[in-house]
Structure formats: C-alpha cells, structure tokens
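An overview of the molecular structure
These are the residues of each chain, in order.
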Amino acid sequence: MKRRNFIGTSAAASVGFLTTSAAMANNNKVAQPDKLKYNINHSVCYWCYGTIPFEDFLKNLVELDIRSIDLVGPDEFPLLKKYNIHASMCWGAGLGIEKGWNDPSLHEELIKDYERVIPLVAEAGYTNLICFSGNRNGMNDLVGMRNCAEGLKKLMPLAEKHGVVLQMELLNSKVNHKDYMCDTSEWGVSLCETIGSENFKLLYDIYHMQIMEGDIIRNIEDYHQYYGHYHTGGNPGRHEIDETQEIFYPAVMKAILKTGYTGHVAQEFVPSWDDKLAALKQGVTICDV
C-alpha cells in the first residue's frame, strides 16, 4: 500500500504487545501492555494501517497509550477530539508530493489552499502542517530553493499569527520519490535559513535520510534546530524498526532527546507482520528510551 493513497476497508484488528524478540514476533505471542516512559512523545502515521477503519484505529491507540497521530486533516479532527488523540502532523493543503513550492506557477493555488487550512489547524488546537518542495522536473536546486522561499515567505505572517508551523518533509529521491527536490538536510536547512521564520521547519524522516545521506545522529546534533518533527521507518524495506534492518533506533532517539526536543516522533513503517498493531507497539517500545 502506497503512502497517502489508500482506501480504508474493514479489517479485524487485534491489540497486542510483542516483545522485541523476532521469534516471539513471528509467533504473534502477545503480552499485556506496559506503561510507556513517554520521554519521547509517540505518534503514528495512519496511512500505514489503512486497512483498519479510522475510528477503530483511534480506539486501538487509546488502548496502546499512543496519544497522537500523524497525517490527518480537518475531516478527521472531530473523531480525534472524541478519543482525545492529538494531531501531531496535519495535512489537507497542497497538491501532493510531486507538485510543490518550487514551481512558481503553483504558488497562487498553494497559497490560497494553505490560507484556508492554516486557521482550521489552529482552531482545532494543533500546530504542525506538512508541505512539500515538489519534483525537480529539470529545475536547478538553487532556483527551486529560491522559488520555495518566495512562495512560503508569503504565508509566514499568517502562520505566525495562528501559531502554525509549516513543515517541509525531507524525502529520498533514490528509492521512493524519484526527482523530489527536498532530499537532503543541507538543501532543507538552507531553505529554512532563507525563509528565516520559526514557523517553518523540516520534517526529518529518518528512513528517507538514511537512504540519502546517512550520518543520522550527527545531522540531528548539527541541525536539530531546523527539524520540527521526526518519522521512523526501517531501512531497507520501510518495515519494522527492529533488528531486521540497519538503523539502531534507541541510539537515534537518545540523540533526539539530547537536543532538548519536546515534539513528536511518529512511526511510519509499513508493518510486515500479520498483527499490525503488535508491530506498531514493538516500534513504539523500541523508541521509548
């Protein structure tokens, strides 16, 4: 199932809590939920669990003590309020990943759309709203950066007024999002410096940046002031973040905490286990340092 392109269908969902043991995981043996430390504010991207009806998934999060969810929009806000689940990264504005702020011909439409959604995010009591650079389509990276800055600067007064932070996601252009422009920390940080507002940050996706540049912990240490949100995912494969992949997430989480970060870390791996919720709980537990 591809990101941001799913249809919710009914599915049975069992709430489980696996240990990090791969053997137990394969047997789907579950234990009772343990209390999370919550030094890390945990969240999860719903698109990875789209076979579970949205309201059922919110009930699952309550049982698992996961208090936030990512990549939801104004249509979902009423149900979030019902279950006291926070929207840690909102969407609902823009033209998707491939058509973004690096294209000046789209600025008028993008500005109008974000002007509509920014107040809705603020009124609901949320802060973060995602945005994208768009694909290069032959455009020079410096030109694209200047174009992004020109358009986004026009939104900063409104974002600042409402206390909303626009967050451009760093995505890999090697495997998943060919030709995407905002594909390195260096480019994203330069854009942040050009815009010069605390209401514009980068969504640092650990999976994507492991593919593009590695050196995850050093980049977090060096550029953390520009990173407003984090996503997880196992590499290679974008599946569970356990010993089946190459990133050691406990060390990454400790590095994030060391910077003084108080925002959210959202699980954005695609479960390979039959029991998707058990896989989610395992991922949260690994990050619960």
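What counts and how
- Residues numbered from 1 in each chain as written.
- Predicted model: local features only at pLDDT ≥ 70, side-chain atom pairs only at ≥ 80, totals over all residues.
- Heavy atoms only, no water.
- Helix = DSSP H or I, 4+ residues; strand = E, 2+ residues; numbered from the N terminus.
- Buried < 20%, exposed > 50% of the residue type's maximum accessible area, 1.4 Å probe, protein only.
- Contact = heavy atoms within 4.5 Å.
- Areas by Shrake-Rupley, 256 points an atom, 1.4 Å probe, with all protein chains shown as cover.
- Phe/Tyr/Trp six-rings, centres within 6.5 Å; stacked < 30°, edge-to-face > 60°.
- Axes fitted to C-alpha atoms, helices over the stretch in contact; angles between N-to-C directions.
- Parallel < 35°, antiparallel > 145°, perpendicular 65-115°, else oblique.
- Nonpolar A, V, L, I, M, F, W, Y, C, P; charged D, E, K, R; others polar.
- 1 Å grid on protein atoms, 1.4 Å probe; cavity = no way out; pocket = protein on both sides within 12 Å on 5 of 7 lines; lining within 4 Å.
- Points joined across faces, edges and corners; volume = space filled by probe spheres on them.
- Pairing = 2+ DSSP bridges.
- pLDDT = per-residue confidence, 0-100.
- Disulfide = S-S within 2.5 Å.

**Thoughts on the overall build of the chain**
The helix and strand inventory of the chain stands at 11 helices and 8 strands. Expressed as a percentage of its 289 residues, the buried residues of the chain come to 55%. The contacts in the chain between residues at least 6 apart in sequence include a share of 74% that link residues at least 24 apart. Summed over its atoms, the accessible surface of the chain is roughly 12,400 Å², and 49% of this surface lies on carbon and sulfur atoms.

**Topic: the packing of aromatic side chains**
Enumeration according to the criterion identifies 9 aromatic pairs in this entry. With centroids separated by 5.0 Å and ring planes inclined at 75 degrees, the aromatic side chains of Tyr 46 and Phe 54 adopt a geometry described as edge-to-face. Neither Tyr 46 nor Phe 54 differs from the other in exposure class; each is buried. Relative to Tyr 126, the ring of Phe 77 lies with its centre 4.9 Å away and its plane at 70 degrees, an arrangement referred to as edge-to-face. Highlighted residues: Phe 77 in helix H3 (residues 77-83) and Tyr 126 in the loop between helix H4 (107-123) and strand E4 (128-131), separated in sequence by 49 residues.

**Focus on the packing of helix H9 (residues 216-223) against helix H10 (residues 249-258)**
Their axes nearest at 9 Å, the elements H9 and H10 cross at an angle of 10 degrees. The pairing of H9 with H10 is recorded here as roughly parallel in orientation. Of the residues in H10, those touching H9 at Ile 216, Ile 217 and Ile 220 are Ala 251, Val 252, Ala 255 and Ile 256. Tallied by class, the residues present in the contact of H9 with H10 amount to 7 nonpolar, no polar and no charged.

**Topic: empty space enclosed by the protein**
A complete count under the given rule lists 1 cavity of 30 Å³ or more for this structure. Asn 39, Ile 40, Asn 41, Leu 257, Tyr 261, Thr 262, Gly 263 and Val 265 together form the lining of the largest cavity. Taken together, the residues that form the lining of the largest cavity break down as 4 nonpolar, 4 polar and no charged.

**Re the pairing of strand E6 (residues 200-205)**
Counting buried positions along E6 gives 6 out of 6 residues, so the element sits mostly inside the fold. Sheet analysis places E6 next to strand E7 (residues 227-231), joined by 4 bridges and oriented parallel. Bridge pairing links Leu 202 to Tyr 227 in E7.

**What to know about the confidence of the model for the chain**
Per-chain confidence: the chain averages 91 in pLDDT, with 88% of residues scoring 70 or above. Considering only residues more than four positions removed or in separate chains, one finds that residues 1-33, a stretch of pLDDT under 50, has 74 contacts.

**Topic: the state of the cysteines**
Evaluated as defined, the whole model comprises 0 disulfides. Considering cysteine sulfurs only, Cys 45 is the nearest to Cys 48, which forms no disulfide, with 5.6 Å between them. Residue classification places Cys 48 among the buried residues on the basis of a relative accessible area of 4%. Cysteine Cys 131 remains unbridged, with the sulfur of Cys 148 as its closest cysteine sulfur at 8.0 Å.

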